[in-house]
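Tertiary structure, described
Listed below are the residues making up each chain.
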Protein chains: 2
Amino acid sequence: MADNKKMVEEITSMEEDFAKWYTDIVKKAELIEYTSVKGCMVIRPYGYAIWENIQRILDGKFKATGHENVCMPMFIPESLLQKEKDHVKGFAPEVAWVTHGGDEKLEDRLCVRPTSETLFCEHYANIIQSYRDLPKLYNQWVSVVRWEKTTRPFLRSREFLWQEGHTIHATAQEAIEETERMLNVYADFCEESLAMPVVKGRKTDSDKFAGAEATYAIEALMHDGKALQAGTSHYFGDGFARAFGIQYNSKENKLEYPFQTSWGVTTRLIGAVIMAHGDNNGLALPPDIAPIQIVVIPIAQHKEGVLEKCREVAEKLGSKYRVKLDDSDNSAGWKFSEYEMKGIPLRIEIGPKDIEAGNCVMVTRHNREKSVVSLDEVVELAGEKLKAVRDGLYNKALENMENRTYKCLDMEEIKKTLAEKGDGFIKTMWCGDEACEDKVKEETGVASRCIPFEQEQISDKCVCCGKPAKYTLYWGRAY
Amino acid sequence: MADNKKMVEEITSMEEDFAKWYTDIVKKAELIEYTSVKGCMVIRPYGYAIWENIQRILDGKFKATGHENVCMPMFIPESLLQKEKDHVKGFAPEVAWVTHGGDEKLEDRLCVRPTSETLFCEHYANIIQSYRDLPKLYNQWVSVVRWEKTTRPFLRSREFLWQEGHTIHATAQEAIEETERMLNVYADFCEESLAMPVVKGRKTDSDKFAGAEATYAIEALMHDGKALQAGTSHYFGDGFARAFGIQYNSKENKLEYPFQTSWGVTTRLIGAVIMAHGDNNGLALPPDIAPIQIVVIPIAQHKEGVLEKCREVAEKLGSKYRVKLDDSDNSAGWKFSEYEMKGIPLRIEIGPKDIEAGNCVMVTRHNREKSVVSLDEVVELAGEKLKAVRDGLYNKALENMENRTYKCLDMEEIKKTLAEKGDGFIKTMWCGDEACEDKVKEETGVASRCIPFEQEQISDKCVCCGKPAKYTLYWGRAY
């Protein structure tokens with residue numbers, strides 16, 4: 001087990017330095033590699049395969065809810081970006097500008113899309129004339145660029161991969177329903193496929209997307225007690241339509257402005273999975289998105305019949321799951337720690353004694369629990385174990401979130417809680433006044449996360465000013 | 001049928017103006033829409049669904065041949081692009097330059113990737129130490145930017161979608177084999193899934209990719225007799241490895257330079273499909289890539305039982321094929337021409353009389369052939385018809401290519417052939433001298449396309465200088 005030990009020692013423990021633990025995993029599980037462009041990374045095969053699984057599942061959900069994929073240009077002319085005033089104000093400071101094509105200086109600079117509302121609006125104006133053309137339910141899988149000052153792999157990078165849904169509707173109600181529907185799609189995906197519980201809610205006005213009437217978000221809690229915004233969904237009203245002159249002829253033959261939404265999740269979800277489920281042995285991946293769901297490891301593989309049996313089992317499992325057989329000449333101990341590092345949900349060990357008894361050993365990654373099972377039922381039992389991994393990861397993350405959600409009645413209680421318990425979700429009442437929001441952040445360091453859909457009457461007074469409260473509000477230190 | 005007529009009249013006929021016929025189809029089949037960024041387009045749902053099918057099939061073939069997907073940054077620092085001299089010379093004149101991030105001027109300008117060899121090389125240098133790290137067989141699905149002067153949808157645009165495979169090997173032989181393997185993957189895909197015959201061959205030295213030792217290509221012939229390069233595969237030798245300092249420790253513990261390849265196909269394939277199979281009624285899509293393979297159209301749909309039967313048939317077919325039932329209140333005639341325009345391979349009509357007789361009418365798009373078949377066998381027969389569409393499209397395209405491939409022995413014959421027959425593939429012998437290649441192009445207007453793998457001894461003299469010939473060479477006017 002010398003190899004095993006060496007391998008594990010290479011990761012900083014999360015208790016010692018959470019940020020270093022995170023980057024150690026990202027590098028040593030071979031998810032990414034740095035490049036000479038600051039804030040831009042190579043997503044390596046293992047990391048990209050996780051993203052492909054996320055894409056496949058979400059894309060299926062988008063199509064099942066009637067959405068179609070399109071592809072917009074990556075460039076936005078400066079003049080187009082400027083059409084919606086709040087939007088340009090929010091994004092212009094952090095865009096990358098193309099000023100030259102070959103040797104020629106461009107008359108109108110092009111920004112590399114930080115998000116594509118303006119491009120979709122230009123397109124809608126071209127293709128929408130009548131109520132018969134509505135709704136349009138579009139999505140695209142692309143990368144976008146935001147010139148961030150400080151960057152971290154997956155969590156905040158200058159270029160990142162995402163999907164951006166953009167829809168346009170005849171009525172405000174339809175658009176609001178769409179905004180909520182897609183937030184629910186995200187929340188369900190996070191809970192089912194990422195095994196990550198989330199809080200659904202609305203952002204306060206100070207935290208809305210640039211140009212939106214309302215922004216909804218899902219917020220998750222990481223191992224270190226910090227909050228992570230895992231997905232957002234925006235309702236635009238008819239603001240963009242008015243700015244871009246998008247109008248349609250209604251059934252009553254009147255020119256009307258339509259209503260819009262947009263919604264997105266990014267490769268940040270991979271960062272969330274690392275920080276929600278990982279441990280000091282490495283990644284722990286939920287089965288739905290694991291590039292390899294089961295690894296089969298031969299024990300004493302030089303002994304007669306071992307490799308043959310392992311191949312037979314791997315092939316049987318392979319018809320139903322994503323399976324790898326590691327028959328390399330590395331030691332079994334090295335393999336154990338390698339695949340723990342890579343977060344593979346289920347390990348199956350097969351050695352001469354197991355074969356003799358008609359058994360194999362199954363080890364679930366998240367709790368390292370061993371069980372000896374019959375080879376006759378290996379496919380069925382593997383399925384049960386994978387389900388147990390998903391549920392185990394989810395319950396652990398839920399317990400973490402519940403244990404670290406603190407109700408506070410006043411400013412002193414927030415400060416005391418943070419000092420005694422460390423980071424977590426702080427749940428308070430709020431009067432709705434931005435001044436109070438700012439003051440809480442300034443004095444305690446936690447920022448508003450969202451006004452949860454599940455409102456709860458903790459008290460009747462604002463946590464800050466003591467005046468009558470309007471909302472329950474979640475706070476936290478955020479990624 | 002008034003609607004029907006109106007619809008068809010909207011496309012310019014290909015005999016009248018081939019270029020206009022092409023852009024009419026691209027717009028009216030709703031594949032793309034123009035944007036305010038010159039040379040950049042919106043790929044609309046129907047166009048993007050074709051690309052998704054191309055991606056899915058090719059991605060499966062890449063993975064089956066051992067390749068893994070990755071994702072590189074979209075930016076290349078100018079200093080990195082300059083490391084391989086031929087490469088930068090070829091690409092620098094046509095790249096888009098990012099000079100500012102937010103308000104800050106960048107010290108090292110970034111180009112938006114026109115291709116990613118330099119990024120892959122930087123990455124290889126970071127991750128390859130030993131022969132155990134080789135080969136790496138990578139691919140990525142991204143968009144790239146080349147600042148073209150004249151642009152046409154799909155065929156030549158400033159931004160286009162593609163896949164770029166990049167591999168690195170311990171030996172030259174392995175790399176050469178990979179280059180050929182992937183060209184064959186492309187050729188098989190074009191022939192099977194796009195129903196488009198291609199000529200496989202090597203580019204002349206004057207036409208190689210910037211930085212390559214050898215470039216292989218597949219060339220297809222369009223309806224108008226022009227040639228279209230449909231995919232390329234490059235062998236780099238160890239030139240990039242030397243320029244980027246990529247070295248590995250061999251089994252014999254010696255530092256060696258590895259050997260590289262790259263290969264790509266683009267959204268241009270959609271343009272190829274339009275021009276290889278389309279007609280004056282619109283698109284004609286091969287079943288493998290058709291977003292909708294079968295459209296079911298009710299006849300006299302207000303009559304009792306018609307819609308129910310259509311739904312039943314569509315559902316049955318839907319378990320095996322991509323099917324659409326159009327139960328809108330547009331006329332059947334309008335629907336016929338709409339789905340002919342969109343190139344849907346198979347149309348199924350079901351009316352009261354058909355139902356009474358237990359039949360339906362099947363119409364294959366490419367030849368508009370009608371047949372009456374039993375509803376009991378509809379799933380099986382639909383499969384046969386779809387196969388017939390693929391074969392029919394392929395044979396027609398093959399016939400076009402064969403009829404328009406002209407063997408020429410000297411310059412006069414080339415000129416005479418082009419004057420009498422119009423564009424096509426000109427097949428000649430060639431001495432291998434670049435001066436002759438230039439002279440043929442200058443005097444006749446056709447450029448070298450490729451030195452075909454299937455060499456044929458047409459004569460023993462160069463078509464231009466009359467000296468001893470080394471190769472058979474294809475020429476043509478190219479897209």
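Residue numbers run consecutively from 1 along every chain, following the written order of its sequence. For naming, the first written chain is A and the first written ligand is 1, with later ones following in the order written. Residue-level local features of this predicted model are given only where pLDDT is at least 70; pairs of side-chain atoms are given and counted only at 80 or more, and the full residue set underlies all totals for whole chains, interfaces and linings. Side-chain measures were taken over the full set of non-hydrogen atoms in the model, leaving aside hydrogen atoms and water.

1. What about the overall build of chain A?
Starting at the N terminus, helices and strands are each numbered in turn, a helix being any DSSP run of H or I of at least four residues and a strand any DSSP run of E of at least two. Looking only at helices and strands, one finds 15 helices and 23 strands in chain A. Each radius of gyration is computed over the set of C-alpha atoms, and the globule rule expresses the reference value as 2.2 Å times the number of residues to the power 0.38. For chain A, whose C-alpha radius of gyration is 25 Å, the value lies close to the compact-globule estimate of 23 Å for 479 residues. For chain A, the C-alpha atoms occupy an extent of roughly 80 × 55 × 50 Å along the three principal directions. For the exposure calls, accessible area comes from a 1.4 Å probe over protein chains only, and a residue counts as buried if that area is under 20% of its type's maximum, exposed if over 50%, partly exposed in between. Going through the 479 residues of chain A one by one, you find that 60% of them count as buried.

2. A short note on the interface of chain B and chain A
Note on contacts: a residue pair is in contact if any heavy atoms of the two residues lie within 4.5 Å. Opposite the 51 residues of chain B that make contact, chain A presents 51 residues. Accessible surface is computed with a 1.4 Å probe, and the buried area is the amount of it that two parts give up when combined, taken over both parts together. With both sides pooled, the region where chain B packs onto chain A buries about 4200 Å², and carbon together with sulfur makes up 60% of that total. Here a salt bridge means any side-chain nitrogen of Lys or Arg lying within 4 Å of a carboxyl oxygen belonging to Asp or Glu. In this structure, the connection of chain B to chain A is made through 2 salt bridges. Note that A:Lys63 and B:Glu52 form a salt bridge whose closest N and O atoms lie 3.2 Å from each other. What qualifies as a polar contact is a pair of N or O atoms within 3.5 Å, subject to a donor-acceptor requirement within protein and to the restriction that residues adjacent in sequence count only when both atoms come from side chains. Linking chain B to chain A there are 17 residue pairs in polar contact (both at pLDDT 80 or more). The element that contributes the greatest number of residues to the side of chain B that touches chain A is strand β5 (residues 96-101) of chain B, accounting for 6 residues. Under the scheme applied here, ten amino acids are nonpolar (Ala, Val, Leu, Ile, Met, Phe, Trp, Tyr, Cys and Pro), four are charged (Asp, Glu, Lys and Arg), and all others, including Gly, are polar. Looking at the side of chain B that touches chain A residue by residue, the classes come out as 30 nonpolar, 10 polar and 11 charged. Any two strands with at least two DSSP bridges between them are considered paired. Pairing analysis gives 5 bridges linking strand β5 (residues 96-101) of chain A to β5(B), with the strands arranged antiparallel. Bridge pairing links A:Gly101 to B:Ala96 in β5(B).

3. A short note on the relation of the copies chain B and chain A
A least-squares fit on C-alpha atoms brings the copies together, and the residues used are those whose pLDDT is at least 70 in both copies. By a simple turn and slide, chain B fits onto chain A: the slide is 0.0 Å along the axis, the RMSD is 0.0 Å, and the turn is 180 degrees. Both copies of the chain, as the preceding transformation shows, are related through a two-fold rotation axis. If distances are taken from each C-alpha of chain B to the rotation axis, the shortest is found for B:Val98, at 2.1 Å. Taken together, the interface assignments show that 100% of the residues at the interface of chain B recur at the interface of chain A, consistent with an identical surface on both copies.

4. Some points on the pairing of strand β19 (residues 369-374) of chain B
A regular strand carries its side chains on alternate faces of the sheet. Residues and elements named next belong to chain B. As paired elements, strand β18 (residues 359-364) and β19 share 6 bridges and run antiparallel to each other. Across the sheet, the residue bridging to Met362 is Ser371, located in β19. The hairpin formed by β18 and β19 contains 4 residues between the paired strands, and Arg368 there has a positive phi angle of roughly 55 degrees.

5. Quick word on unusual backbone geometry
A cis amide bond links A:Leu134 with the next residue in sequence, A:Pro135, at an omega value of -10 degrees. Although it is not a glycine, A:Asn253 adopts a positive phi angle of roughly 60 degrees. Along the chain, A:Asn253 falls in the loop between β12 (248-249) and β13 (255-256). Classification of A:Asn253 as exposed rests on a relative accessible area of 60%. Non-glycine residue B:Ala195 carries a positive phi angle of around 55 degrees. As for its position among the elements, B:Ala195 is in the loop between α7 (172-192) and β9 (199-202).

6. Here's the deal with helix α15 (residues 434-444) of chain B
All names here are of chain B. For α15, every residue scored as buried is listed here: Cys436, Glu437, Val440 and Thr444. Down the axis, α15 shows its buried residues gathered within 105 degrees of arc, on one side only. Structurally, α15 contributes buried residues whose contacts are with α14 (411-421), β21 (425-430), β22 (447-452) and β23 (471-476). Looking at where α15 begins, the residue whose side-chain oxygen comes 3.0 Å from the main-chain nitrogen of Ala435 is Asp433. The positive-phi residue at the C-terminal boundary of α15 is Gly445, with phi of around 90 degrees. Here, the arc refers to the directions that run from the helix axis to the C-beta atoms.

7. Quick word on the sheet that holds strand β6 (residues 104-112) of chain B
Taken together, 6 strands build an open sheet; the order of strands is β4(A)-β6(A)-β5(A)-β5(B)-β6(B)-β4(B) and the sheet is antiparallel. In the strand order of this sheet, the two ends are held by β4 (75-77) of chain A together with β4 (75-77) of chain B, each with one partner. Between one strand axis and the next, the sheet turns through 45 degrees on average, direction left out of account. Sheet analysis places β5(A) next to strand β6 (residues 104-112) of chain A, joined by 4 bridges and oriented antiparallel. Opposite A:His100, over in β6(A), you have A:Lys105 as the bridge partner. The axes are straight lines fitted to the C-alpha atoms, using for helices just the contacting stretch, and the angles between their N-to-C directions are given from 0 to 180°.

8. Regarding the pattern of salt bridges
Taken as a whole, this structure holds 58 salt bridges over all chains when the rule is applied. Here A:Lys427 ties to A:Glu456 by a salt bridge, and the two come within 2.6 Å at their closest N and O atoms. Pair noted here: A:Lys427 is in strand β21 (residues 425-430) and A:Glu456 is in the loop between β22 (447-452) and β23 (471-476), with a separation of 29 residues, a long-range link. The exposure class of A:Lys427 is buried, given its relative accessible area of 11%. Ionic pairing is found between B:Arg365 and B:Asp279, a salt bridge with its closest N-O pair at 2.7 Å. Residue B:Arg365 is found in the loop between β18 and β19, and its partner B:Asp279 is found in the loop between α9 (268-277) and β15 (294-298); the two are separated by 86 residues along the sequence. Looking at B:Asp279, the relative accessible area reads 17%, which means it is buried.

9. A look at the sheet that holds strand β16 (residues 323-325) of chain A
Within a sheet, each strand pairs with its neighbour through backbone hydrogen bonds, oriented either parallel or antiparallel. All names here are of chain A. If you walk across this open sheet you meet the 5 strands as β16-β15-β17-β18-β19, and the pairing is mixed. Edge strands, defined here as strands with exactly one partner in the open sheet, are β16 and β19 (369-374). Strand after strand, the sheet turns through a mean of 25 degrees between neighbouring axes, direction not considered. Running over the sheet, helix α11 (residues 332-341) touches β15 (294-298), β16 and β17 (346-350) and is turned about 175 degrees from β15. Helix α13 (residues 378-403) contacts β15, β17, β18 (359-364) and β19 of the sheet and is inclined by roughly 15 degrees relative to β18.

10. Some points on the packing of α14(B) against α15(B)
Residues and elements named next belong to chain B. Between α14 and α15, the shortest axis-to-axis distance is 10 Å and the interhelical angle comes to 35 degrees. By crossing handedness, the relation of α14 to α15 is classed as right-handed. Residues Met411, Ile414, Lys415 and Leu418 of α14 pack against Lys439, Val440, Glu443 and Thr444 of α15. Among the residues forming the contact of α14 with α15, the class breakdown is 4 nonpolar, 1 polar and 3 charged. Helix crossings get a hand from a simple test, with the near helix turned counterclockwise from the far one by less than a right angle marking a left-handed crossing and a clockwise turn marking a right-handed one.

11. Some points on helix α7 (residues 172-192) of chain A
Here α7(A) contains 21 residues, and its C-alpha end-to-end distance of 30 Å stays within 8% of the 30 Å for a straight helix at 1.5 Å per residue. Among all positions of α7(A), only A:Ala175, A:Glu178, A:Thr179, A:Met182, A:Leu183, A:Val185, A:Tyr186, A:Ala187, A:Phe189 and A:Cys190 are buried. The span you would expect from a helix comes to 1.5 Å times its residue count less one.

12. Thoughts on the packing of aromatic side chains
When two rings of Phe, Tyr or Trp (its six-membered ring) have centres within 6.5 Å they constitute a pair, described as stacked for plane angles under 30 degrees, edge-to-face for angles over 60, and tilted for the intermediate range. One pass over the structure, following the stated rule, counts 33 aromatic pairs over all chains. For the pair B:Tyr186 and B:Trp263, a centre-to-centre distance of 6.3 Å together with 65 degrees between the ring planes defines the contact as edge-to-face. Taken together, the residues span a long stretch of sequence, with B:Tyr186 in helix α7 and B:Trp263 in strand β14 (residues 259-266) at a distance of 77 residues. B:Trp263 shares its class with B:Tyr186; the two are buried. Clustering of aromatic rings is evident, with ring pairs tying together A:Trp51, A:Phe62, A:Trp141, A:Tyr186 and A:Trp263.

13. Remarks on the confidence of the model for chain A
Predicted coordinates in regions of low pLDDT should not be interpreted in detail. Confidence of the predictor at the level of single residues is captured by pLDDT, which takes values from 0 to 100. Of the residues in chain A, 98% have a pLDDT of 70 or more, and the chain-wide mean is 96. Ignoring residues within four places in sequence, the model shows residues 1-6 of chain A, a span with pLDDT below 50, making 5 contacts including any to other chains.

14. Considering the pairing of strand β14 (residues 259-266) of chain A
All names here are of chain A. Counting buried positions along β14 yields 8 of 8 residues, so the element is predominantly enclosed. Neither face of β14 is open: one carries Phe259, Thr261, Trp263 and Val265, the other Gln260, Ser262, Gly264 and Thr266, and all of them are buried. Two strands pair when backbone bridges link them, and strand β8 (residues 159-169) and β14 are joined in this way by 8 bridges, in the antiparallel orientation. Paired with Thr167 across the strands is Thr261, a residue of β14. For strand β11 (residues 227-237) and β14, the ladder comprises 5 bridges, and the chain directions are antiparallel. Residue pairing in the sheet places Tyr235 in a bridge with Thr261 of β14.

15. Thoughts on a negative patch on the surface
Put simply, a patch holds well-exposed residues, over 30% relative accessible area, that have no salt bridge, with like charges counted together within 9 Å and Val, Leu, Ile, Met, Phe, Trp or Tyr side chains within 5 Å. Reported accessibility uses the Shrake-Rupley method at a 1.4 Å probe radius. Residues are deemed covered only where the shown protein chains occlude them. Under this rule, positive means Lys or Arg and negative means Asp or Glu; His and the chain ends count for nothing. For charged residues, the charge sits on one atom: NZ in Lys, CZ in Arg, CG in Asp, CD in Glu. A grouping of A:Asp205, A:Asp433, A:Glu434, A:Asp438 and A:Glu442 is seen on the molecular surface, where their side chains present a negatively charged patch. Among the secondary structure elements, A:Asp433 is positioned in the loop between β21 and α15 (434-444).

16. Some remarks on the environment of A:Ile414
All names here are of chain A. Relative to the helices and strands, Ile414 resides in helix α14 (residues 411-421). Residues Ile414 and Val463, 49 residues apart in the sequence, show an inter-C-alpha distance of 8.9 Å. For Ile414, the residues in contact, after removing those within four places along its chain, are Cys408, Ile426, Thr428, Val440, Thr444, Val446 and Val463.

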